[in-house]
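This is what each chain is made of:
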Amino acid sequence: EANKIAAKIFMQNLENSSEALEYLKKRGVSDDMKRRFAIGYIGDGDIFIEQLKESGVSLNTAARAGLVKIDENSRVRSFFFNRLMFPIISRKNVIAFGGRVMDKGSGGPKYLNSPDTPVFNKKHNLFGIDFVRESLHDFPYVVLCEGYFDVVAMHQYGFGTAVAALGTAISENHLEILSKFNKPLVVMLDGDSAGRAAAKRIAKLTVPDKLDLRAAFIPDEGEDPDSLLKKDGGTEKIRALI
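Source: prediction; values computed, not measured.

Visitor: Would you mind going over the sheet that holds strand E1 (residues 40-42) with me for this structure?
Guide: Within a sheet, adjacent strands bond to each other through the backbone by hydrogen bonds, running parallel or antiparallel. Taken in spatial order, the four strands line up as E1-E4-E5-E6 in an open sheet, and their pairing is antiparallel. Each end of this open sheet is capped by a strand with a single partner; those strands are E1 and strand E6 (111-113). Looking at each pair of strands side by side, their axes are set apart by 35 degrees on average, direction ignored. Relative to strand E4 (residues 83-90), E1 runs antiparallel, the two being bridged by three bridges. Bridged to Ile 42 within E4 is Arg 83. In the packing of helix H1 (residues 2-15) onto the sheet, contacts are made with E1, E4 and strand E5 (93-100), and the angle to E5 comes to roughly 40 degrees. In the packing of helix H2 (residues 18-26) onto the sheet, contacts are made with E1, E4 and E5, and the angle to E4 comes to roughly 70 degrees.

Given below as structure tokens:
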């Protein structure tokens, strides 16, 4: 419940941040996708803590949900600040968040995920998974991408079965979860050496017997699904690769 309240605060903050709205516009994210994924924004962490308190969330609950932490001076600090916020949703519940910096020079990792909590373990969850079943009617493959923006772009261009791991390597747990859809799973990777190395790691996992596991490589240097889809003929190219 605390995560759900936080998601609403982040969405309100996004609408009040011209910088964050401009960044999403620059990335080509449509209003429909902004709503579909409930994308939000957190600026100043101290202001967010006050917003949580005003919404009736106790600091103890916020800490258990991974929204706040205690720093080395025993002060309560927001776990996230100055990031776009992507809710991680499972069975219609907000269980965690992925935060992404908008400016490469802002410090910290590009992506920061909620810590493990009583309701969240990143090895057992995937971004976008709640949309897969309804989208299989239109596209009969599950597609595993690398980043949140890849998933958003895939959905925006008609591939609503795209999901992504949460800042962690693909695990056997992930494959087990995705095998339950009884459709081919296509791992969509960059065609560079890092992408091929990732494919080799996945190939060494114990694959569930019923899972039809495949890999599709984007051969264009420096391209990912997000960038490729925004080019002329990108949608057809992605569809052909899959």
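Visitor: What should I look at first to understand helix H7 (residues 148-156) in this one?
Guide: Turn by turn, an α-helix covers 3.6 residues, leaving residues three or four places apart pointing in a common direction. Counted residue by residue, H7 has eight buried out of nine residues, so it is predominantly covered. Inspection of H7 places Tyr 148, Phe 149, Asp 150, Val 151, Val 152, Ala 153, Met 154 and His 155 among the buried residues, and these make up the whole buried set. Looking one or two places after H7, you find Gly 158, whose phi comes out positive at around 100 degrees.

Visitor: Would you take a moment to explain helix H4 (residues 45-54) for this structure?
Guide: Among the residues making up H4, those that are buried are Gly 45, Phe 48, Ile 49, Gln 51 and Leu 52. Considered in projection along H4, the buried side chains sweep an arc of 160 degrees and stay on one side of the axis. Seen from the buried face of H4, the exposed residues on the opposite side, beyond 90 degrees, are Ile 47 and Glu 54. Lining the buried residues of H4 we find H1, E1, helix H5 (59-64), strand E2 (68-70) and strand E3 (76-78). Among the residues of H4, the N-terminal cap falls to Asp 44, whose side-chain oxygen and the backbone nitrogen of Asp 46 are separated by 2.8 Å. Downstream of H4 by a residue or two, Gly 56 has a phi angle that is positive, lying close to 90 degrees.

Visitor: Even after reading the chapter, I still don't get the packing of aromatic side chains, so can you show me in this structure?
Guide: The geometry of an aromatic ring pair comes down to the distance between the two centres and the angle between the two planes. One pass over the full model with this rule turns up 13 aromatic pairs. With centroids separated by 6.2 Å and ring planes inclined at 65 degrees, the aromatic side chains of Tyr 23 and Phe 149 adopt a geometry described as edge-to-face. Placement of Tyr 23 in helix H2 and of Phe 149 in helix H7 is noted, with a sequence separation of 126 residues between them. Neither residue differs from the other here; Tyr 23 and Phe 149 are each classed as buried.

Visitor: Would you explain unusual backbone geometry in this entry?
Guide: Excluding glycine, residues mostly carry a negative phi; peptide bonds, for their part, are mostly trans. Its identity as a non-glycine residue notwithstanding, Lys 92 has a phi of 70 degrees, on the positive side. If you trace the backbone, Lys 92 turns up in the loop between E4 and E5. Located in the positive-phi region is Asn 182, a residue other than glycine, with phi close to 55 degrees. Of note, Asn 182 is situated in the loop between helix H8 (172-179) and strand E10 (185-190). Looking at Asn 182, the relative accessible area reads 55%, which means it is exposed.

What counts as what
Residues numbered from 1 in each chain as written. Predicted model: local features only at pLDDT ≥ 70, side-chain atom pairs only at ≥ 80, totals over all residues. Heavy atoms only, no water. Pairing = 2+ DSSP bridges. Helix = DSSP H or I, 4+ residues; strand = E, 2+ residues; numbered from the N terminus. Axes fitted to C-alpha atoms, helices over the stretch in contact; angles between N-to-C directions. Contact = heavy atoms within 4.5 Å. Buried < 20%, exposed > 50% of the residue type's maximum accessible area, 1.4 Å probe, protein only. Arc of directions from axis to C-beta. Polar contact = N/O pair within 3.5 Å; in protein donor to acceptor, adjacent residues only side chain to side chain. Phe/Tyr/Trp six-rings, centres within 6.5 Å; stacked < 30°, edge-to-face > 60°.

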